[in-house]
Amino acid sequence: MAKPYIFITRKLPEELTAPLRKDFDIHMWESENTAVPRELLEEEAMKADGLLTMLTEKVDDNLLKQAPNLKIVANLAVGYDNIDLESARSHNVMVTNTPDVLTDTTADLTFTLLLTTARRIVEAAEYVKQGNWQHWSPFLLAGSDVHHKKIGIVGMGRIGEAVARRALGFDMNVSYYNRSRKIEVEQKYGIQYEKWDDLIASSDYIVCLVPLTDSTKHLFNESAFRKMKSSAVFVNASRGATMNEEHLYEALKAGEIRGAGLDVFEDEPIPSDHPLLTLNQVVCLPHIGSASLETREAMIKLSLSNLESFLLGKGAVTPVS
Ligand code: DGY
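Residues numbered from 1 in each chain as written. Predicted model: local features only at pLDDT ≥ 70, side-chain atom pairs only at ≥ 80, totals over all residues. Heavy atoms only, no water.

Visitor: For the packing of aromatic side chains, give the residues involved together with the corresponding values.
Guide: For any pair of aromatic rings, the description consists of the separation of the ring centres together with the inter-plane angle of the planes. If you walk through the whole model with that rule in mind, you get eight aromatic pairs. Ring geometry for F220 and F234: centres 4.7 Å apart, planes at 50°, overall tilted. In this pair, F220 is assigned in the loop between β9 (205-208) and α10 (222-227) and F234 in strand β10 (residues 233-236), connecting sequence segments 14 residues apart. Taken individually, F220 and F234 each receive the classification buried, so the pair is uniform in this respect. In this structure an aromatic cluster arises from ring pairing among Y176, Y177, Y193, W196, F220, F225 and F234. (Phe/Tyr/Trp six-rings, centres within 6.5 Å; stacked < 30°, edge-to-face > 60°. Helix = DSSP H or I, 4+ residues; strand = E, 2+ residues; numbered from the N terminus. Buried < 20%, exposed > 50% of the residue type's maximum accessible area, 1.4 Å probe, protein only.)

Visitor: Any details on the layout of surface pockets? Residues and values, ideally.
Guide: Quantified by volume, the second largest pocket comes out at close to 300 Å³. What lines the second largest pocket is a set of 18 residues, among which V122, E123, L279, N280 and V282 lie closest to the centre. Those elements that place two or more of their residues in the lining of the second largest pocket are α5 (103-118), α6 (121-129) and β12 (282-284). Of the residues that constitute the lining of the second largest pocket, the class distribution is eight nonpolar, six polar and four charged. (1 Å grid on protein atoms, 1.4 Å probe; cavity = no way out; pocket = protein on both sides within 12 Å on 5 of 7 lines; lining within 4 Å. Points joined across faces, edges and corners; volume = space filled by probe spheres on them. Nonpolar A, V, L, I, M, F, W, Y, C, P; charged D, E, K, R; others polar.)

Visitor: Give me the packing of α5 against helix α7 (residues 158-169): which residues, what numbers.
Guide: At a minimum axis distance of 8 Å, the contact between α5 and α7 shows a crossing angle of 55°. On the basis of their axis angle, the class for α5 and α7 is oblique. Crossing geometry of α5 relative to α7 is assigned as right-handed. Residue-level contacts link T103, D104, T106, A107, D108, T110 and F111 of α5 to R158, I159, A162, V163, R165, R166 and A167 of α7. When grouped by side-chain class, the residues that make up the contact of α5 with α7 number six nonpolar, three polar and five charged. (Axes fitted to C-alpha atoms, helices over the stretch in contact; angles between N-to-C directions. Parallel < 35°, antiparallel > 145°, perpendicular 65-115°, else oblique. Left-handed = near helix turned anticlockwise from the far one by under 90°. Contact = heavy atoms within 4.5 Å.)

Visitor: How would you summarise the domain arrangement of the protein chain if you had to cite specific residues and measurements?
Guide: Split by domain assignment, the protein chain resolves into domain 1 (5-101 + 293-311) and domain 2 (103-284). Placing the centre of domain 1 and that of domain 2 at their C-alpha centroids yields a distance of 31 Å. Taken together, the contacts link nine residues of domain 1 with six residues of domain 2. Taking both sides of the interface into account, the surface hidden between domain 1 and domain 2 amounts to around 600 Å²; carbon and sulfur atoms contribute 41%. It is D81, D100 and T295 in domain 1 that bury the most area against domain 2; as a group they hold 62% of the surface buried on that side. Across the pair D81 and R239 runs a salt bridge, and its minimum N-O distance is 2.9 Å. Across the contact surface, domain 1 and domain 2 share four residue pairs in polar contact (both at pLDDT 80 or more). (Domains from an automatic or database assignment. Buried area = accessible area lost by both parts, 1.4 Å probe. Salt bridge = Lys/Arg side-chain N within 4 Å of Asp/Glu carboxyl O. Polar contact = N/O pair within 3.5 Å; in protein donor to acceptor, adjacent residues only side chain to side chain.)

Visitor: Would you mind going over the sheet that holds strand β3 (residues 50-53) in detail, with residue names and values included?
Guide: If you trace the five strands from one edge of the open sheet to the other, you get β2-β1-β3-β4-β5, paired in parallel fashion. Looking at strand neighbours, the two that pair on one side only are β2 (25-28) and β5 (94-96), the edges of this open sheet. Within the sheet, the average angular offset between the axes of one strand and its neighbour, ignoring direction, is 15°. Sheet analysis places strand β1 (residues 5-8) next to β2, joined by four bridges and oriented parallel. If you follow I6 over to β2, its bridge partner there is I26. Where helix α12 (residues 293-311) meets the sheet, it contacts β1, β3, β4 (72-75) and β5, and its direction lies at approximately 165° from that of β4. (Pairing = 2+ DSSP bridges.)

Visitor: Would you mind going over the site of the ligand in detail, with residue names and values included?
Guide: As a structural note, the neighbourhood of the ligand is formed by L55, A77, V78, G79, L102, R239, H287, S290 and R296. Here an oxygen atom of the ligand sits 2.9 Å away from a polar atom, N or O, in the main chain of G79. Between the ligand and R239 there is a distance of 2.7 Å, counted from an oxygen atom to a side-chain nitrogen or oxygen. The residue inventory of the shell around the ligand, partitioned by class, reads four nonpolar, three polar and two charged. (Near = heavy atom within 4 Å.)

Visitor: Tell me about α5, and please be specific about residues and values.
Guide: The end-to-end C-alpha separation of α5 is 23 Å, in line with the 22 Å expected for 16 residues at 1.5 Å each. α5 sits mainly inside the fold: 12 of its 16 residues count as buried. When we look at burial in α5, the residues that qualify are T103, T105, T106, A107, L109, T110, F111, L113, L114, T116, T117 and A118. R120, located one to two residues past α5, shows a positive phi value of around 55°. (Expected span 1.5 Å × (residues − 1).)

Here is the structure:
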């Protein structure tokens, strides 16, 4: 009998996929850095029993209906807004993600972005590199304090909780907003739940960690930025489409908020002439929330385990549907 066919949409390290080759016929897109062309993905999906996808692949109804043998899509991310879950359910396709293994790494990056933006680290490093450092002066590249300030975490999932722990270590006052209250988290860490309007109006640092859904799309818009303090710093490490980038740019330009640290954008990668890149008070990163060597390896292993376990009839390890 032919082995089940798995298509992986990026070139992943051979030593990680090798153990599965005895049970599966594994094919990979040839490049680690560029996304698989849509046409090829569609061709491969037609043959595949399992797909290992990145967040760059749109697994929509159009793809799923052309994949008669497909049983599982293992997404190499905790977020799965690139996948049409309803369509996957209707085609009887299991969807898995990579929770837990990336929590601390993503929280580290989120907090790094907060500190970097607050203390103007990118500007300061560039200042030295470009030979502009002539004198020490009292307010040279002075940023804002982080310790003893208020952080408002929007989205209290696993990563939100891990960011709260880091914030407490910096003596911050931690509040959060979430679709549903997390009483046990409030009690465990001594943090407070606040209503949306109150949280965004009173926080010094507003950190977006909500998953992208129909109800969180452009949650951070003109009206939200207007409510924030003029000294507030906005940090986004979830998905770019949770914010309206044009509104954010206008708010920063008008001084309605002080700065922004962004790891994600609505259309990635952003072009080098993106308006947000023209502002010194904005730090932009290329979606590297979970990008440590250890975590990326753990994410790949978890995705492969999901494929292996599910296709061998033992159930998915971390199903989302
Ligand atoms: C995720 O896991 O959703 C991240 O954004 C990708 O690293």
